[in-house]
Amino acid sequence: MRIIFVWLIFLSLPLYSDADNEILFSQQSEIDISDNIKIFKPGAGFKEINDVLFIDHLFTENNHRLLNINARDSIIWTKFEIRNVNQYPVSILLEYRNANIQEIYFYIKKELLLIHKKQTGAKFPFYQRNIKSRFFVQQFTLEPGIKYTIFTKVINQNNRIKIPVNLYDQQGFNRRTSIDNLQSGLFYGIFFTLLLTAFLFLILKFHVRSQLFYMLYMLSFMILFFLLDGFASQYLLFENPGITSSVTKVFPFIIIAAFAGLTYQYFRFYENCGFFRKVVTGVLISDALVLALALIFRFNVQIIMISIMLISLALIGGIVIHQRKNKINDPSHAYFKWAMVVSFFIILLFGLQHFLYHYGYNDFQILIKIAVIVQLSLVALSYYKRLQISHSRAQQNNIRNLEKLNKVIEQHNADLEKKVAERTQTLEYKNAQLEEHMAENKAITEELHKQRDEMEKLNKELEKAFKKSTADHVRLQKAMFENEEQQQKLEESFNEISQKNKTLETQNEEIRAQSDKIQEQHHLLEIKNRDITDSIIYAERIQNSILPPLRTIRQVFPESFIYFKPKERLSGDFYWFDSRKENGETVYMVAAVDCTGHGVPGALMSIIAKDGLNDAVNGKKIEDPGQIIHHLNQITIDTLNKEKNEDYLKDGMDLSFVKIVPGKKKIYFAGARNPLYLIRNNELEVYDGSVFSAGTLALENLPVDFKTQEIDYLENDMIYLFSDGFADQFGGENGQKFRYRRFKKMMSKVVNLPIEEQKERIDEIFSNWKRDWEQIDDVLIMGIRL
């Protein structure tokens with residue numbers, strides 16, 4: 001019983017052996033293994049895992065709480081040994097807790113067998129990470145009692161970083177992630193609140209330039225922490241996270257420039273700021289110069305950090321000297337002075353985390369963030385205090401202005417009373433004058449009445465004179481009658497012109513009717529064209545549905561591609577894939593078929609060819625490729641009724657057909673006019689098919705035969721099946737055909753490329769050759785690496 005109790009205690013403790021520093025993992029949630037890692041800095045060479053698997057004597061103990069990587073260390077190998085002392089398998093998570101590692105490769109060796117390899121790092125897109133963490137985490141499963149050796153290769157050129165290395169079980173990793181997220185959420189929430197405060201000051205139009213620099217300073221710190229914490233590569237730069245290390249080096253310079261602008265805008269409200277203007281100008285010039293040199297000559301982080309500290313200390317020194325030379329009695333300035341003190345503390349913390357060998361950013365990040373928040377809060381309080389003071393001063397100024405305004409109003413009222421008295425006297429004098437004028441107007445009115453009576457007498461005399469002018473009136477009526485006759489003639493001319501206009505309108509109506517009829521016929525043509533296009537699109541969908549998906553072929557042959565470029569929507573070329581059991585072994589059949597014509601005729605022929613292949617393989621159970629093509633030949637003849645209809649004698653299909661037997665490493669090939677290319681060790685071998693197309697009528701003295709060729713293949717051999725569309729394409733500078741001589745050279749060059757790059761390169765060569773020439777035929781190339 002005592003032995004069992006001692007053994008349980010032994011299993012419950014995180015034990016390490018003294019002999020080889022082996023980690024014995026039992027039930028720990030989290031282990032810091034930084035000081036248990038062995039490191040090897042090769043300098044040059046030793047780039048592959050096989051170079052370091054058996055050189056234990058070159059690895060040295062780390063014996064530090066962090067993994068330190070200097071700027072001159074381009075490659076560092078690390079390793080540690082671990083054994084699961086539980087009686088059951090355990091899943092562990094290995095975390096390299098730094099978001100700015102450029103490349104890191106994980107290798108795990110089980111006893112003497114290398115069983116696992118993974119790559120990650122800030123250089124690669126975030127979505128490629130197996131575990132979506134802002135740090136670099138890999139998960140391993142440890143079987144009980146077996147010793148595992150875990151190697152890592154860290155590539156981090158021209159950049160100094162410090163990396164804590166931790167081991168977790170799943171529960172410990174989840175707890176650590178939750179704590180990190182809680183701290184980050186609290187910190188960025190406070191930052192966002194301060195940003196809203198600055199925005200409110202901006203809305204109030206209180207020191208607008210100063211607030212803009214304050215917001216720039218705050219946003220620069222937020223983005224810097226976002227980069228250092230790894231959130232940028234997770235949420236912003238997930239497609240290209242490799243640029244985060246370069247961007248991180250720029251933002252400290254932006255922070256210095258924003259802080260210099262902030263302090264200048266703050267002090268420019270006081271007198272005698274000429275000296276401080278010179279200090280700020282010198283700091284901004286130095287900041288821009290060092291940034292430009294760092295970008296041009298790619299300074300490492302250590303040089304950049306020293307430059308930033310010197311520039312920051314110069315700025316703070318200038319602020320202190322300016323404050324001593326000019327005594328500022330503004331109560332809000334006390335908060336700003338404390339903000340300057342905190343600035344020195346921030347610079348000190350950044351310097352300590354960088355230059356202390358045993359400490360890094362993770363040890364100081366909370367203190368740095370708290371210091372930045374305190375500094376920003378003090379600056380906000382300073383602005384708030386200044387706003388209060390400004391508001392109080394504005395109220396006092398308003399009271400003084402109101403008192404002055406009241407005195408002005410009283411004086412103005414006295415002046416008005418004096419003017420009213422003077423105006424009253426003037427009005428009385430005017431009224432007297434008005435009465436005199438009214439008496440004069442009455443006399444004038446009586447005179448006018450007399451003149452009116454005289455006018456009435458004159459009107460009577462005028463009536464008499466009017467009667468005498470009657471003769472003149474008669475002559476006027478005669479002239480009016482002649483005018484009416486001329487007007488009647490004009491109306492007749494107008495009626496004649498109106499009749500002609502009606503004739504023109506009738507002709508216009510006939511023209512419009514003809515135009516409407518033409519438009520109706522054009523509309524009918526558009527409807528018919530749309531119906532034909534819709535039918536072709538639907539036929540295209542049907543044709544595409546009969547083609548086997550590429551993923552089905554890649555389930556058997558992972559390294560394979562299909563380059564398929566029809567001339568029109570419908571194609572006479574198609575590819576075919578099937579599998580079957582022969583003698584208890586699975587064999588795979590692949591065909592690349594080129595039917596006569598393209599477009600709709602070619603598509604109809606392709607359906608005949610596909611049905612013929614399916615009937616031969618799945619219906620008739622024919623195993624020999626030559627016999628399969630012979631069966632397809634007979635089906636084509638029967639379907640097109642070639643024995644009675646000479647119009648279809650030339651219709652048929654050319655194809656390459658292979659049957660692959662992986663168990664025997666055999667290929668059985670037969671072709672109808674089309675060959676098979678096999679490339680092994682950069683040597684291209686051509687296996688020609690029969691001279692006959694499928695669909696050829698046999699003659700009495702010339703039987704149609706399709707022979708099967710047996711070929712032995714090796715692993716990593718590459719085979720290509722294709723139609724004649726690529727080789728027959730016109731293009732180039734002189735409008736020539738591409739031809740098979742160039743086609744063979746092209747396939748020999750692309751064979752060593754990765755599969756997807758082979759397809760892309762073939763498409764690039766085809767587009768460059770074709771240029772503006774019309775594509776004359778469908779193009780099909782299938783490539784399979786065995």
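The coordinates are above.
Now for a look at the structure at hand. In this text, all values refer to a predicted model and were calculated from it rather than measured experimentally.

**Examining the nonpolar core**
Part 1 of the argument: In terms of nonpolar packing, the biggest core is built from 56 residues, with Phe191, Tyr214, Phe221 and Phe225 touching the most fellow members.
Part 2 of the argument: Of all the elements in the fold, those that place two or more residues in this core are α2 (170–203), α3 (208–228), α4 (231–236), α5 (244–267), α6 (274–297), α7 (301–325), α8 (333–355) and α9 (361–467).
Part 3 of the argument: With eleven residues, the single largest contributor to this core is α9.

**Some words on α2**
Part 1 of the argument: The end-to-end C-alpha distance of α2, which contains 34 residues, comes to 48 Å, matching closely the 50 Å that a straight helix rising 1.5 Å per residue would cover.
Part 2 of the argument: Within the sequence span of α2, burial applies to Gly172, Phe173, Asp180, Ser184, Phe187, Tyr188, Phe191, Leu194, Leu195, Ala198 and Phe201.
Part 3 of the argument: Once α2 finishes, Lys205 follows within two positions and takes phi at roughly 55°, a positive value.

**Quick word on the packing of helix α12 (residues 599–619) against helix α13 (residues 625–640)**
Two numbers describe a pair of packed helices, the interaxial angle and the distance between the axes.
Part 1 of the argument: Between α12 and α13, whose axes approach to 9 Å, the crossing angle comes to 135°. Between α12 and α13, the crossing angle belongs to the class labelled oblique. Crossing angle aside, the handedness with which α12 passes α13 is right-handed. Note on element contacts: α13 touches α12 through Ile628, His631, Leu632, Ile635, Thr636, Thr639 and Leu640, opposite Met605, Ile608, Ala609, Gly612, Leu613, Asp615, Ala616 and Val617.
Part 2 of the argument: Within the contact of α12 with α13, the residues separate by chemical class into ten nonpolar, four polar and one charged.

**Looking at the pairing of strand β14 (residues 165–168)**
Part 1 of the argument: Covered by surrounding structure in β14 are Val165 and Leu167 together with Asn166 and Tyr168, the residues of both alternating faces.
Part 2 of the argument: One ladder, built from four bridges, connects strand β8 (residues 90–96) with β14; its direction is antiparallel. By the bridge assignment for β14, Leu94 is matched with Leu167.

**Focus: a nonpolar patch on the surface**
Part 1 of the argument: Taken together, the side chains of Leu313, Phe344, Phe345 and Leu348 make up a nonpolar region of the molecular surface, amounting to roughly 350 Å² of accessible area.
Part 2 of the argument: For Phe344, the position within the fold is in helix α8.

**What about the side chain of Gln375?**
Part 1 of the argument: Assignment of secondary structure puts Gln375 in helix α9.
Part 2 of the argument: Assessed through its relative accessible area of 1%, Gln375 is described here as buried.
Part 3 of the argument: A distance of 2.7 Å separates polar atoms of two side chains, one belonging to Gln375 and the other to Tyr217.
Part 4 of the argument: Not counting residues up to four positions away in its chain, the partners in contact with Gln375 are Tyr217, Phe221, Phe259, Ala339, Val342, Ser343 and Ile346.

**Points about the pattern of salt bridges**
Part 1 of the argument: This structure, assessed with the given rule, holds 20 salt bridges.
Part 2 of the argument: Across the pair Glu22 and Arg83 runs a salt bridge, and its minimum N-O distance is 2.5 Å. With Glu22 in the loop between β1 (15–16) and β2 (23–25) and Arg83 in strand β7 (residues 75–84), the pair connects residues that are 61 residues apart, well separated along the chain.
Part 3 of the argument: Exposure remark for Glu22: the relative accessible area of 7% places this residue in the buried category.
Part 4 of the argument: For Arg176, the salt bridge identified is with Glu30, shortest N-O distance 3.6 Å. One end of the pair, Arg176, is in helix α2; the other, Glu30, is in strand β3 (residues 30–32), with 146 residues separating them in the sequence.

**As for helix α14 (residues 739–750)**
Part 1 of the argument: In this model, α14 (twelve residues) spans 17 Å end to end at C-alpha, consistent with the 16 Å of a helix rising 1.5 Å per residue.
Part 2 of the argument: What α14 keeps buried is the set Phe743, Met746, Met747 and Val750. Each buried residue of α14 lies within a common arc of 95° when the element is viewed along its axis, so the set occupies one face. Facing away from the buried side of α14 by more than 90 degrees, the exposed set consists of Arg741, Lys745 and Lys749.

What counts, and at which threshold
Note that residues are indexed from 1 along each chain, following the sequence as it is written. Reporting of local features is limited, given that this is a predicted model, to residues whose pLDDT is at least 70; pairs of side-chain atoms are given and counted only at 80 or more, and all residues count toward the totals for whole chains, interfaces and linings. The side-chain quantities take in all heavy atoms of the structure and omit both hydrogens and water. Here the nonpolar core consists of buried residues drawn from Ala, Val, Leu, Ile, Met, Phe, Trp, Tyr and Cys, with membership extended through side-chain atoms lying within 4.5 Å. Burial classes follow relative accessibility: with a 1.4 Å probe on protein chains only, a residue under 20% of its type's maximum area counts as buried, one over 50% as exposed, and anything between as partly exposed. Segments assigned H or I by DSSP are reported as helices when at least four residues long, segments assigned E as strands when at least two residues long, and all are numbered from the N terminus. The span expected for a helix works out to 1.5 Å for each residue beyond the first. Lines fitted to the C-alpha atoms define the axes, with helices restricted to the stretch that makes contact. Angles between their N-to-C directions range from 0 to 180 degrees. Should an angle fall under 35 degrees it is taken as roughly parallel, and over 145 as roughly antiparallel, whereas 65 to 115 is taken as roughly perpendicular and any remaining angle as oblique. The hand of a helix crossing depends on one turn: near helix anticlockwise from the far one by less than a right angle means left-handed, and clockwise means right-handed. Throughout, a residue-residue contact means that at least one pair of heavy atoms, one from each residue, lies within 4.5 Å. Amino acids are sorted into nonpolar (Ala, Val, Leu, Ile, Met, Phe, Trp, Tyr, Cys and Pro), charged (Asp, Glu, Lys and Arg) and polar (every other residue, Gly among them). What makes two strands pair is DSSP finding at least two bridges between them. The residues that make up patches have over 30% relative accessible area and no salt bridge, and they are joined within 9 Å when like-charged or within 5 Å when they are Val, Leu, Ile, Met, Phe, Trp or Tyr. We get accessible surface area from the Shrake-Rupley algorithm with a probe of 1.4 Å; when it comes to residues, only the shown protein chains can shield them. Counted as salt bridges are all cases of a side-chain nitrogen of Lys or Arg within 4 Å of a carboxyl oxygen of Asp or Glu. Here a polar contact means two N or O atoms within 3.5 Å. Within protein one must be a hydrogen donor candidate and the other an acceptor candidate, and residues neighboring in sequence count only if both atoms are side-chain atoms. Taking the helix axis as origin, the arc is that swept by the directions to the C-beta atoms.

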